[in-house]
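Structural features, examined
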Amino acid sequence: MRRRKLDGVLLLDKPVGPSSSAVLQAVKRLFNAEKAGHAGTLDPLASGLLPLLFGEATKFAQFGLDSIKEYRAQIRLGVLTETGDAEGKVLERRAVDVTTNDAVRALARFRGPIEQVPPMYSALKHGGRPLYALARAGQTVERAARRITIHELEQLEFSADLLQLRVKCSKGTYVRQLAVDIGAELGTVAHLEALRRTAVAGFRLDAAVTLDDLQALGEEARVAWLLPADSLLEDLPRLDLAAEPSQRFLNGQAVALQVPAQSGISGPCRVYREPGTLLGVGEAGPGGELHPVRLLAKVARPAASG
């Protein structure tokens, strides 16, 4: 069967178990879509919000990958695993003698900009090989700490050896490693027992559909779950161009921003042709010029005047 050209964003509530790639392929088959991708991987252990992108929306994946994300994390104290989560082999068990006040004080040290050393079980490369491949071969290598930001870190529940948190963090944050580091700060060991993503790129989990529900729907009802291709761009400033500059923008040329209300805009922005046709993403520079960054392929060009 011929693949279908489809553009849009689907907010999926990923279940625990399958990989993000496996879920993407299952949904791609459901829609019989020609092109699909996602805006941020979730580990098999994790569940929650996974934005799936179809067609032209795949060009905006980076804006989801770079966005602030929010999670509910369940941390088990007293047990350290090889991977930092519940899927790994237990490496160490240690007594837990932690009070609620201890947890409050420890969490305060992880808020704001912090340095985090990525875990060995990650997809980062060392000498051209993923770190997880080296870890599975029994190797450990030095990893440089990376600057991340924990925007919010809220204690939701605490018992003798179980800590539940709400984490709002920047891109590049490994919540598994955060769990391990919090355990060390509390004078014990720890691992991430469960993780659920509740927000990404301005989207919330309560707007997502489960895979089971999506599979049970008919084609028309399934397509109704798709959001417009520019949904991932709503946090960016908006610029509207008239017909002539929009044509030059689509041809890959920089255009001047001459409208006073737009001249102060700088950085990435979503660009439309008046009265509202999405053209793509541009970069507004300090010189008042708008440079194309990501252009849509399927924009109807204005008819040539003659």
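Since this is a predicted model, take the numbers as computed values, not measurements.

Moving on: the overall build of the chain. From N to C terminus, the chain includes nine helices and 19 strands. Taken along its principal axes, the extent of the C-alpha atoms in the chain is 80 × 50 × 40 Å. Looking at the chain as a whole, 48% of its 306 residues qualify as buried. Of the contacts made within the chain by residues no fewer than 6 positions apart, 68% connect residues no fewer than 24 positions apart. Within the structure as shown, the chain displays about 15,000 Å² of accessible surface, and the carbon and sulfur contribution to it stands at 49%.

With burial as the criterion, only one face of strand β15 (residues 238–241) is covered, namely that bearing Leu 239 and Leu 241; the residues Arg 238 and Asp 240 on the opposite face remain uncovered. Two strands pair when backbone bridges link them, and β15 and strand β17 (residues 267–273) are joined in this way by four bridges, in the parallel orientation. Across the sheet, the residue bridging to Arg 238 is Arg 270, located in β17.

Attention now moves to helix α3 (residues 100–108). Helical periodicity: at 3.6 residues per turn, an α-helix aligns residues three or four positions apart in one direction. All buried positions along α3 are accounted for by Ala 103, Ala 106 and Leu 107. Projection of α3 onto a plane perpendicular to its axis shows the buried side chains occupying an angular sector of 95 degrees, all on one side.

The strand order across the open sheet formed by five strands is β15-β17-β18-β19-β16, and the pairing between neighbours is mixed. In this open sheet, the two strands that pair with only one neighbour each are β15 and β16 (255–256). When strand β18 (residues 277–284) meets strand β19 (residues 289–295), the two strands line up antiparallel, connected through five bridges. By the bridge assignment, Glu 283 is partnered in β19 with His 291.

What follows concerns the environment of Gly 287. Within the secondary structure, Gly 287 sits in the loop between β18 and β19. Put simply, Gly 287 and Asp 97 are 190 residues apart on the chain and 59 Å apart in space, counted from C-alpha to C-alpha.

We now examine the nonpolar core. Counting residues in hydrophobic clusters, the biggest one holds 43 residues, and the most contacted among them are Leu 10, Val 27, Phe 31, Phe 54, Ile 75 and Ile 182. Not counting the four nearest positions on each side in its chain, Val 27 is found in contact with Leu 10, Leu 12, Leu 52, Phe 54, Leu 211 and Leu 214. Val 9, Leu 53, Ala 57 and Ala 229 belong to the second-largest nonpolar core, a separate cluster that totals 21 residues.

With an omega of 10 degrees, the peptide bond between Glu 274 and Pro 275 qualifies as cis. Although it is not a glycine, Asn 32 adopts a positive phi angle of roughly 55 degrees. Residue Asn 32 is classed as buried on the basis of its relative accessible area of 16%. One non-glycine residue, Ala 201, adopts positive backbone phi at about 55 degrees. Assignment of secondary structure puts Ala 201 in the loop between β12 (190–200) and β13 (203–204).

Here we come to the pattern of salt bridges. Going through the model one piece at a time under the given rule, you end up with 17 salt bridges. One salt bridge in this structure joins Arg 147 and Glu 115, with 3.2 Å as the shortest N-O distance. Of this pair, Arg 147 sits in strand β10 (residues 146–158) while Glu 115 sits in strand β7 (residues 112–116), and the two are 32 residues apart along the sequence. Take Arg 147: its relative accessible area is 56%, and that puts it in the exposed class. Among the residues examined, Glu 115 registers a relative accessible area of 47% and is labelled partly exposed. The residue Asp 240 makes a salt bridge to Arg 238 at a minimum N-O spacing of 3.0 Å.

Scoring rules and cut-offs
- Residues numbered from 1 in each chain as written.
- Predicted model: local features only at pLDDT ≥ 70, side-chain atom pairs only at ≥ 80, totals over all residues.
- Heavy atoms only, no water.
- Helix = DSSP H or I, 4+ residues; strand = E, 2+ residues; numbered from the N terminus.
- Buried < 20%, exposed > 50% of the residue type's maximum accessible area, 1.4 Å probe, protein only.
- Contact = heavy atoms within 4.5 Å.
- Areas by Shrake-Rupley, 256 points an atom, 1.4 Å probe, with all protein chains shown as cover.
- Pairing = 2+ DSSP bridges.
- Arc of directions from axis to C-beta.
- Core = buried A, V, L, I, M, F, W, Y, C linked by side-chain atoms within 4.5 Å.
- Salt bridge = Lys/Arg side-chain N within 4 Å of Asp/Glu carboxyl O.

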